[in-house]
Amino acid sequence: MSQSPDAPGADRPVDAAATASGEASLVGQEHTVTVGPVAHGGHCVARTDEGQVLFVRHTLPGERVRVRVTEGQEGARFLRADAVEVLEASKDRVPAPCPFSGPGRCGGCDWQHAKPGAQRRLKADVLAEQLQRLAGLTAEDVNWDGTVEPAPGDKVPAGEVPAWRTRVQYAVDADGHAGLRRHRSHEVERIDHCLIAAPGVSELGVEKHLWPQIATVEATAATGSSDRQVLLTPRPGGRLPLVELDRPVSVLRVGEKDKNVHRVHGRPYVRERADDQTWRISAGGFWQVHPQAAGLLVDTVMRGLTPRKGETALDLYCGAGLFAGALADRLGEQGAVLGIESGKRAAEDARHNLSGFPRVRVEQGKVEAVLPRTGITEADLVVLDPPRSGAGKQTVRLIAALGPRRIAYVACDPAALARDLAYFREAGYVPHFLRAFDLFPMTHHMESVAILKPAPQDA
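Going along each chain's sequence as written, the residues are numbered from 1 onward. Owing to the predicted nature of the model, reporting of local features is limited to residues with pLDDT of at least 70; listing and counting of side-chain atom pairs is limited to 80 or more, with chain, interface and lining totals taken over all residues. Note that water and hydrogens are dropped before the side-chain values are worked out from all heavy atoms of the structure.

Engineer: Can you walk me through the overall build of the protein chain in this structure?
Structural biologist: A tally of helices and strands in the protein chain yields nine helices and 23 strands. To get the radius of gyration, use the C-alpha atoms; to get the globule rule, take the number of residues to the power 0.38 and multiply by 2.2 Å. The globule rule puts the C-alpha radius of gyration for 459 residues at 23 Å, and the 23 Å found for the protein chain is close to it. Each principal axis of the C-alpha atoms in the protein chain carries an extent, and together these give about 65 × 65 × 45 Å. Classification of residues uses two cut-offs on accessible area relative to the type maximum, computed with a 1.4 Å probe and protein chains only: under 20% is buried, over 50% is exposed, and between them is partly exposed. When burial is assessed residue by residue, the protein chain has 54% of its 459 residues classed as buried. Within the protein chain, residue pairs in contact and separated by at least 24 positions form 65% of the contacts whose partners lie at least 6 positions apart. Calculation of accessible area relied on Shrake-Rupley with a 1.4 Å probe; when residues are assessed, cover is drawn exclusively from the protein chains displayed. A total accessible area of about 19,800 Å² is found for the protein chain, and carbon and sulfur atoms account for 48% of it. The way it works is that DSSP assigns letters per residue, a run of H or I at least four long becomes a helix, a run of E at least two long becomes a strand, and they are numbered from the N terminus. Whether two residues are in contact is decided by their heavy atoms, any of which lying within 4.5 Å being enough.

Here it is as structure tokens:
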């Protein structure tokens, strides 16, 4: 599962802490530094002359830059900073194609200033570092070729941007203008176009319209159909405006009191297409935002699991049922699949989407709570696609206790993947192979698939 790269963060949380603790804020202080390696989170590591660690955005390894501190105080373990002047540029640097990127601007993209190939190398470096640091694993240990693979159709020349994002959450400022959040801030950067937005999102023209009394506008353009949808979150006490966009669109709203999604007009879902099936995805439900992601991940997972007729399988954190459906199709009439999903709306979608498979059932609830209650004591195959925080030791142990012959772990966060791989090793499972995909170009995010199998028994 993946969270939105342009999701809002806290407004200068470190500085707030500095004020509370009485430590002097260092925000605005400038340093000239030589930039070190990339780190998880879309920044690189550098040090001040005094040795204090800097996490620097808008730079690349090896560059000589002037940085300005954006968060931090005296005595902090690290400071956050922006590169505001490049003194010696990396060969991988390009002029940022997006006019809204850069220090203090939109926080949705991390690597607009890097060549596409360099972005993938940076992500590979992050994944390798997290695997080594948190799990003690090398690329050879996990049978990974060390690359982050581009999605089909995403190879573009330096200076160009693939338009891949099929769901964009716009923030709305006090004047009703739509934009995107600035990095680690609730402040809104007004934009007239998002370069990474898929054509189906851009053609709605959300940025050209005013949104009085609205806090956020989430626009979705399905790739498996012509469905278009906007989900509006009003400000407290706010009323919905008359929605007139540049293309036909369904409109939904988030209730102020119950926080549930309510239909205003049109379908309350969009239809996607993957693995030769159509999938209903309700507003607020999970679906990969890259148009190639669902098919690419299903293919990788199925190749790794090699399902056999009549086997039993689990799809944990199953969302709308993508992997459960793919498994059911391959396991045949004698096979059985259990899906577990915590989100009520997503679980309802999964039951609808999988209604054609009589030996598939979907349970709603947290995996660690539901799985022990099912009475299942063994399974042949397990797929898990946990949220960014990962599965955790308890869930890993529950999975391993079922004795599956293969486990497919789909990860949107390399740190969580590495931690869970360490837990799986303790539970007797080791990586069979790993692949990583650049399904979020221009951002620091990536998707990985690890296939695990029982560790060899000592002679």
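Engineer: Looking at this structure, how should I read the packing of helix α4 (residues 293–305) against helix α5 (residues 322–331)?
Structural biologist: Axis angle and axis distance: for two packed helices, these are the angle between their axes and the distance between the axes, and together they describe the pair. Convention adopted: a line fitted to C-alpha atoms gives each axis, helices being fitted over their contacting stretch, and angles between N-to-C directions are expressed from 0 to 180 degrees. Relative to each other, α4 and α5 sit at 45 degrees, their axes nearing to 10 Å. Comparing their axes, α5 and α4 come out oblique. In this structure, α4 meets α5 at a crossing whose hand is right-handed. On α5, the residues touching Ala294, Leu297, Val298, Val301, Met302 and Leu305 of α4 are Leu322, Phe323, Ala326, Leu327 and Arg330. Think of it as three bins: nonpolar holds Ala, Val, Leu, Ile, Met, Phe, Trp, Tyr, Cys and Pro, charged holds Asp, Glu, Lys and Arg, and polar takes everything else, Gly as well. Looking at side-chain class alone, the contact of α4 with α5 contains ten nonpolar, no polar and one charged residues. Orientation labels follow simple angle bins: below 35 degrees gives roughly parallel, above 145 gives roughly antiparallel, 65 to 115 gives roughly perpendicular, and whatever is left gives oblique. Two helices cross in a left-handed way if the nearer one is turned anticlockwise from the farther one by less than a right angle. They cross in a right-handed way if the turn is clockwise.

Engineer: What's the story with the pattern of salt bridges in this structure? I'm lost.
Structural biologist: A pair can form between side chains of opposite charge whenever their charged atoms are brought close. Salt bridges are defined by distance alone: a side-chain nitrogen of Lys or Arg within 4 Å of a carboxyl oxygen of Asp or Glu. The full count for this structure, using the stated rule, is 27 salt bridges. With a shortest N-O distance of 3.7 Å, aspartate 92 and lysine 91 are connected by a salt bridge. Given the relative accessible area of 17%, aspartate 92 is considered buried. Given the relative accessible area of 66%, lysine 91 is considered exposed. As a salt-bridge pair, arginine 190 and aspartate 173 come within 2.6 Å of each other at their nearest N and O atoms. Of this pair, arginine 190 sits in strand β10 (residues 188–190) while aspartate 173 sits in the loop between β8 (167–172) and β9 (178–181), and the two are 17 residues apart along the sequence. Accessibility expressed as a relative area gives 39% for arginine 190, which makes it partly exposed. Classification of aspartate 173 as buried rests on a relative accessible area of 13%.

Engineer: Help me understand the pairing of strand β11 (residues 214–221), please; the structure alone is not making it clear to me.
Structural biologist: When a strand is regular, its side chains alternate between the sheet's two faces. The buried fraction of β11 amounts to seven of the eight residues, a majority that puts the element mostly inside the structure. One ladder, built from five bridges, connects β8 with β11; its direction is antiparallel. Looking at β11, one finds that arginine 167 is bridged to threonine 220. What makes two strands pair is DSSP finding at least two bridges between them. Examined bridge by bridge, β11 and strand β12 (residues 228–234) share seven bridges and lie antiparallel to one another. Counted as the bridge partner of valine 217 is leucine 232 from β12. Between β11 and β12, which pair antiparallel in sequence order, lie six residues.

Engineer: I keep staring at the nonpolar core and nothing clicks. Help me out?
Structural biologist: Note on soluble globular proteins: their nonpolar side chains tend to be buried together. Core analysis: the biggest nonpolar cluster contains 73 residues, and Tyr170, Trp211, Val217, Val230, Val301 and Leu327 have the highest contact counts within it. Setting aside anything within four residues of it in sequence, one finds leucine 327 in contact with Met302, Leu305, Pro307, Ala313, Leu314, Val337, Leu381 and Val383. We define the nonpolar core as a collection of buried residues of types Ala, Val, Leu, Ile, Met, Phe, Trp, Tyr and Cys that are connected through side-chain atoms lying within 4.5 Å of one another. Counting residues in hydrophobic clusters, the runner-up holds 59 residues, among them Trp111, Val148, Leu434 and Leu452.

Engineer: Explain the environment of glutamine 52 to me, please; I cannot follow it from the model alone.
Structural biologist: Take glutamine 52: it is sitting in the loop between β3 (43–47) and β4 (53–57). What makes glutamine 52 buried here is its relative accessible area of 19%. Residues glutamine 52 and alanine 76, 24 residues apart in the sequence, show an inter-C-alpha distance of 8.3 Å. Discounting residues that sit within four places of it in the chain, glutamine 52 has contacts with Leu26, Ala46, Arg47, Gln73, Gly75, Ala76 and Leu79. Polar contact is the term for a pair of N or O atoms within 3.5 Å; when the atoms are in protein, one must be able to donate a hydrogen and the other to accept it, and sequence-neighboring residues count only if both atoms are side-chain atoms. Separated by 3.0 Å, the side chain of glutamine 52 and the backbone oxygen of alanine 76 make a polar contact.

Engineer: Please explain the packing of helix α8 (residues 393–400) against helix α9 (residues 414–426) as it appears in this structure.
Structural biologist: Orientation of α8 relative to α9, taken along the N-to-C sense of each, is 45 degrees, at an axis distance of 9 Å. Between α8 and α9, the interaxial angle falls into the category oblique. For the crossing formed where α8 meets α9, the hand is right-handed. Along its contact with α8, which presents Lys393, Val396 and Ile399, the element α9 presents Asp420, Tyr423, Phe424 and Glu426.

Engineer: Please explain the sheet that holds strand β2 (residues 38–39) as it appears in this structure.
Structural biologist: Strand pairs in the sheet, formed through backbone hydrogen bonds, run parallel or antiparallel to each other. Strand order in this open sheet of six strands is β1-β5-β6-β4-β3-β2, and the pairing throughout is mixed. Only two strands of the sheet have a single partner each, and these edge strands are β1 (30–34) and β2. In the sheet, β4 pairs with strand β6 (residues 78–88) via five bridges, with the strands oriented parallel. Looking at the pairing, leucine 54 lines up with leucine 79 of β6.

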